[in-house]
Each structure stands twice: as structure tokens, then as C-alpha cells.
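Structural features, examined
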Amino acid sequence: MTGLDPAARLWAPRHRGWKLAHHLLPAFVLVAVLLGAGIWGLSAQEWLMSTPLLALGLGVSWSIVREYRRGGGDVPPETAAVVTSTGRRAATRFATTRASAYTGGLTVGVAVVTLISAFALGADTITEYDGAMHLLPILASVMLLGVGLTVMIEGIRMLKLSTEQRPGVYLTRSRIVLVGQQPSTELFWKDITGVRAEDPAKHGPLGQRRPLGERGPSRIVVRHRPDGGATEERMTILVQYLTSDPNLLLAAIEHYAATPAERPKLGTDEALASPPATPGKP
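Residues numbered from 1 in each chain as written. Predicted model: local features only at pLDDT ≥ 70, side-chain atom pairs only at ≥ 80, totals over all residues. Heavy atoms only, no water.

**A word on the layout of surface pockets**
- Its volume calculated, the second largest pocket comes out at about 380 Å³.
- Mapped by element, the contributors of at least two residues to the lining of the second largest pocket are helix H3 (47-69), helix H4 (101-127) and helix H5 (135-161).
- Of the residues that constitute the lining of the second largest pocket, the class distribution is eight nonpolar, three polar and three charged. (1 Å grid on protein atoms, 1.4 Å probe; cavity = no way out; pocket = protein on both sides within 12 Å on 5 of 7 lines; lining within 4 Å. Points joined across faces, edges and corners; volume = space filled by probe spheres on them. Helix = DSSP H or I, 4+ residues; strand = E, 2+ residues; numbered from the N terminus. Nonpolar A, V, L, I, M, F, W, Y, C, P; charged D, E, K, R; others polar.)

Written as C-alpha cells, this is what we have:
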């Protein structure tokens, strides 16, 4: 699995360097606003306002640093083992980013600082409430409370996903196993009804959103009917978390879903040596 026809590529190479900086421009603006407001709060001795703003600014800064630390090249597929509902199985693994316990703990810490400050600011304002004069601090405490809860939920999710099993999309002879983007899920090849690259739909005159811009669709969706049932379900693979080539992953899922006789190769060096058909081609 080493090459694809460039004409068949749905996803452009991942951003690096200045291209990545351009892609993360909104995050840089957010950092500047948060840190600037936090420093202003310090100068005005508004500790309950400045502390959470500085914490959030540093948290977003760490997220940017984490993106820059990601490699610029695609991680090639590899032979690996994965734990399934029926035991340990050999698989061909397409890597995704890891939700580390360190990053999850840092995210929870930022959320705790924000929530404590929100409650303290609200309580301090209410005890000295004087009509419209204190309306802004009350609104600020409500906003911080919402942000803190959102960050806390994300941090807890990251902690739950920081497992010993390396994250990725694992293709075994019998199933697809998704580890790391959500609680581990598995899907049997026999239940698959369709595979395609998609962007989330947006109702309105603009049609579909393209969150990854010109780099390609944001997700690979595998439709399936568990146990041959009538209700169709979806396994969603979020492309922004993939460190392997999404073009190659889509091609592999399409190929092995359509050709059961080829599936015994999965989990062996033979699967790595013989690339599947390119997306959209037989």
C-alpha cells in the first residue's frame, strides 16, 4: 500500500509550516484575544476575570503547538494486533492521533480553573449587585461557565480515549475496528452496505460545509446494517485525526468490502505489499 494515482486523490497533502499557520489563523486570533484580555485584567487587578482568560489562552496555545508537532508526512499502514469483542486479532492499522492522558489532564485543569473563576465571579457580583452596573460581570460569569463546561466535557472525553491500545483504524479479516476517536467500535465486513467520503450537510443556499476546505472531505462514512437488520447505521471516521493517508484508507475499505476473497491478506505483510484499487475505481 504505497501509492495512488494522483488523479484519484480526494485529499490533498496535510498542511505544514506556513500553510498550517494559515489554516490555524482563527486559533491564533483567539489566543491573541484571550491573552490580551487576560493581561488587561491583570493590569486592572480583575483576578477573577484574568485568571480563566489566561488559562484558556494557554490551553489554545498548547493545541496549536500540538498541531505543529504532528509529522508532515503520512504514516504508512502497518501490521498490528487489535483487541476485539472476540479476542486479539491480527490487523492492518491506519494510524490516527493519540488522545494522551497528559493532554486530557491539562484540558481538565483549564476547565476547573475556568469553572471556579466563573462561580467566584458570579457569587462576588451577586453579593454586590447594583443593577445595570454589574450586568457585564454577570454575563461574563455565565459565558465562562458555559466555556468551562464545554472544555471539561472535552477533557473527560480525551481521558477516556487515552488507552494502551494504539489509536487507529484496524482492518482485520472479519471486521473494521475504530480505536481512539470515540469509544472503540467495530463493524463486520458482512454488514457493510456502502462506503463514501462525505462532508457534513448544511441546510441553506450554500449547500454543504467543507470544514477541511480544499484538502478534501472531512469524514469517511461506512454505512452498515448490523445483523442484517432493516435499520441502516453509520461508522464515521474523522479525517482530521488520521495521520495515515485518507485516500489509501478509503481505497482499502472500498476494496476489502467489495472483495471478501482478499480479506485473509489483512494483518499480513501481503496486504502492505499489494495496494488496493484507488477510490472510485474497480
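On we go.
**Observations concerning unusual backbone geometry**
- If you check the backbone angles, Gln45 has positive phi at about 60 degrees while not being a glycine.
- Here Gln45 shows up in the loop between helix H2 (25-43) and H3.

**Some details on the sheet that holds strand S4 (residues 175-179)**
- Overall, antiparallel pairing links the five strands, which are arranged S1-S2-S3-S4-S5 in an open sheet. Unpaired on one side and paired on the other, strand S1 (78-84) and strand S5 (185-188) mark the two borders of the sheet. Pairs of neighbouring strands in the sheet enclose a mean axial angle of 35 degrees, with direction left out of account.
- In the sheet, S1 pairs with strand S2 (residues 87-95) via seven bridges, with the strands oriented antiparallel. Across the sheet, the residue bridging to Val83 is Arg88, located in S2. (Pairing = 2+ DSSP bridges. Axes fitted to C-alpha atoms, helices over the stretch in contact; angles between N-to-C directions.)

**A word on the packing of H2 against H3**
- Contact pair H2 / H3: the axes reach a minimum separation of 8 Å and the direction vectors enclose 150 degrees. Classified by the angle between their axes, H2 and H3 sit roughly antiparallel to one another. H2 and H3 meet at a crossing whose hand is left-handed. Along its contact with H2, which presents Ala27, Phe28, Leu30, Val31, Leu34, Leu35, Ala37, Gly38, Ile39, Gly41 and Leu42, the element H3 presents Trp47, Ser50, Leu53, Leu54, Leu56, Gly57, Leu58, Val60, Ser61, Ile64 and Tyr68.
- Across the contact of H2 with H3, the residue classes tally to 17 nonpolar, five polar and no charged. (Parallel < 35°, antiparallel > 145°, perpendicular 65-115°, else oblique. Left-handed = near helix turned anticlockwise from the far one by under 90°. Contact = heavy atoms within 4.5 Å.)

**Considering the environment of Ala271**
- Examined against the element boundaries, Ala271 turns out to sit in helix H7 (residues 269-273).
- Look at Ala271 and you get buried, because its relative accessible area is 0%.
- Separated by 19 residues in sequence, Ala271 and Ala252 have C-alpha atoms that sit 9.6 Å apart. (Buried < 20%, exposed > 50% of the residue type's maximum accessible area, 1.4 Å probe, protein only.)

**Let's talk about the packing of aromatic side chains**
- According to the stated counting rule, one finds one aromatic pair in the structure shown.
- Consider the rings of Trp189 and Tyr256, whose centres lie 6.4 Å apart with planes at 55 degrees: the pair is tilted. Residue Trp189 is found in the loop between S5 and strand S6 (192-198), and its partner Tyr256 is found in helix H6 (residues 246-258); the two are separated by 67 residues along the sequence.
- You can call Tyr256 buried: its relative accessible area is 1%.
- Between Lys190 and the ring centre of Phe188, over which it is positioned, the NZ or CZ distance is 5.6 Å. (Phe/Tyr/Trp six-rings, centres within 6.5 Å; stacked < 30°, edge-to-face > 60°. Lys NZ or Arg CZ within 6 Å of the ring centre and 35° of its normal.)

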